[in-house]
Amino acid sequence: MTIADRWLLPDGMDEVLPPQATRMEALRRALLDLYHRFGYDLVLPPPVEFLDSLLTGTGTELDLQTFKLTDQMTGRMMGASADVTPQVARMDAHSLHREGPVRLCYCANVLRTKADKHQGGRSPVQVGAELFGHAGLEADHEILHLALTSLEQAGAGELHLALGHIGIYRALIAEAGMNDEHERELFAAIERKQYSALDALIDRVVGDKVVAGMLKALPHLHGDDEILAQARTAFAGAPAAVASALDQLTALSCAVRERHPQVTLYFDLAELRGYEYHTGMVFAAYVPGYGQALAKGGRYDDTGRAFGRARPATGFSMDLKQLASLAVQTPACDGIWAPALNDSALRECVDQLRAAGERVIEALPGQTTGADAHRCNRELVNGDGGWQVVTLDA
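Residues numbered from 1 in each chain as written. Predicted model: local features only at pLDDT ≥ 70, side-chain atom pairs only at ≥ 80, totals over all residues. Heavy atoms only, no water.

A. Representation of the side chain of Gln126 in the model. Relative to the helices and strands, Gln126 resides in strand β6 (residues 125-132). Judged by its relative accessible area of 3%, Gln126 falls in the buried class. Reaching out from Gln126, the side chain makes a polar contact with the side chain of Asp83 at a distance of 2.9 Å. Leaving out residues up to four positions away in the same chain, Gln126 has contacts with Ala82, Asp83, Val84, Thr85, Tyr106, Cys107, Ala108, Val110, Arg112, Ser317 and Met318. (Helix = DSSP H or I, 4+ residues; strand = E, 2+ residues; numbered from the N terminus. Buried < 20%, exposed > 50% of the residue type's maximum accessible area, 1.4 Å probe, protein only. Polar contact = N/O pair within 3.5 Å; in protein donor to acceptor, adjacent residues only side chain to side chain. Contact = heavy atoms within 4.5 Å.)

B. View of helix α7 (residues 166-176). Burial runs high along α7: eight of the eleven residues are buried. Residues of α7 that are buried make contact with β7 (160-165), α8 (180-191), α10 (209-217), α12 (240-259) and β10 (281-286). Phi turns positive one or two residues past the end of α7, at Gly177, with a value near 65°.

C. Summary view of unusual backbone geometry. With omega at 0°, the peptide bond leading from Pro18 into Pro19 counts as cis. Here Pro19 is to be found in the loop between α1 (3-6) and α2 (20-37). At His97, a residue that is not glycine, the phi angle is positive and equals roughly 55°. The exposure class of His97 is partly exposed, given its relative accessible area of 49%. At Lys193, a position not held by glycine, the phi torsion is positive, near 55°. Tracing the backbone through its elements, the reader meets Lys193 in the loop between α8 and α9 (195-205).

Set out below in structure tokens:
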């Protein structure tokens, strides 16, 4: 192994250096303050849990994303958190036991065995919010509004919001009466957009021609507002749950346009991301230049059932590392340079400035770098009136 190889990081793992770390921390504080103003309480999930708790109620995809290790104290298998949402659902259902709507937010490091195809990276800093205990459309709208507001706070411009509803696919599959094997084949064909294979499978296993026609139409229903009108025609004979889902998407799109008129809306009725646990509306937010979603979320009402307390739930998550790269700015040159002197009056002055919130950099004996290298635009000088802060020449 060469010296250069010794310092290589695993693929998908990264270190955060200045000034990016400063931007991330400033954004973390701003987002958690935003969630506080909306009434969301901060929770801090553990970095590892026993597998039988961590993966309860989650799908196969999260199991494959989870690093597993043996607890040396008990011999039981543990997993590193790959997604905070199920942990927060456990907190609501098992730990808090609050009645009525519960709003929780978080910001935590997670670890994944492979890069997330939707949000990238194996070591994201996941930040988000979850609303438990309310099944109404108002809760979904609040989460959508908060997610878009978060992105705007992070400096996202030209936002594109993709909306879908898992309930449409679930209702059509139930109406078709497919067995598990055929449903997995259908799901894979839709995910891969293999339309010819999809149509052939439907013709082979779905006896009801009306239902077959609706399933064939589903993967093609994506685009602007006209899609909802087309869907109502294509699903005219569908179960009532399909019409209800379309009504929800119509109402949500109207609410988004009212509060975020600058956002471009896109509908994808065959969006099946998170199918294992999502139960209602799903969404993903994008900006040009980023191939992956900056925010993703939706409704997942059944997750808490595995913890003994079924509660309606809706929420979203983002990667703080991605968000901090939206508005790349050099940290402000805003600090005070203090000379390297053994002076009690100087030390007292420095302490007072720091207590007042100022950033004060003390020079060290023999150091060769000066105020500009440490982003200081002012310095402490000793005059007739004692130590004073003066502005440095640009």
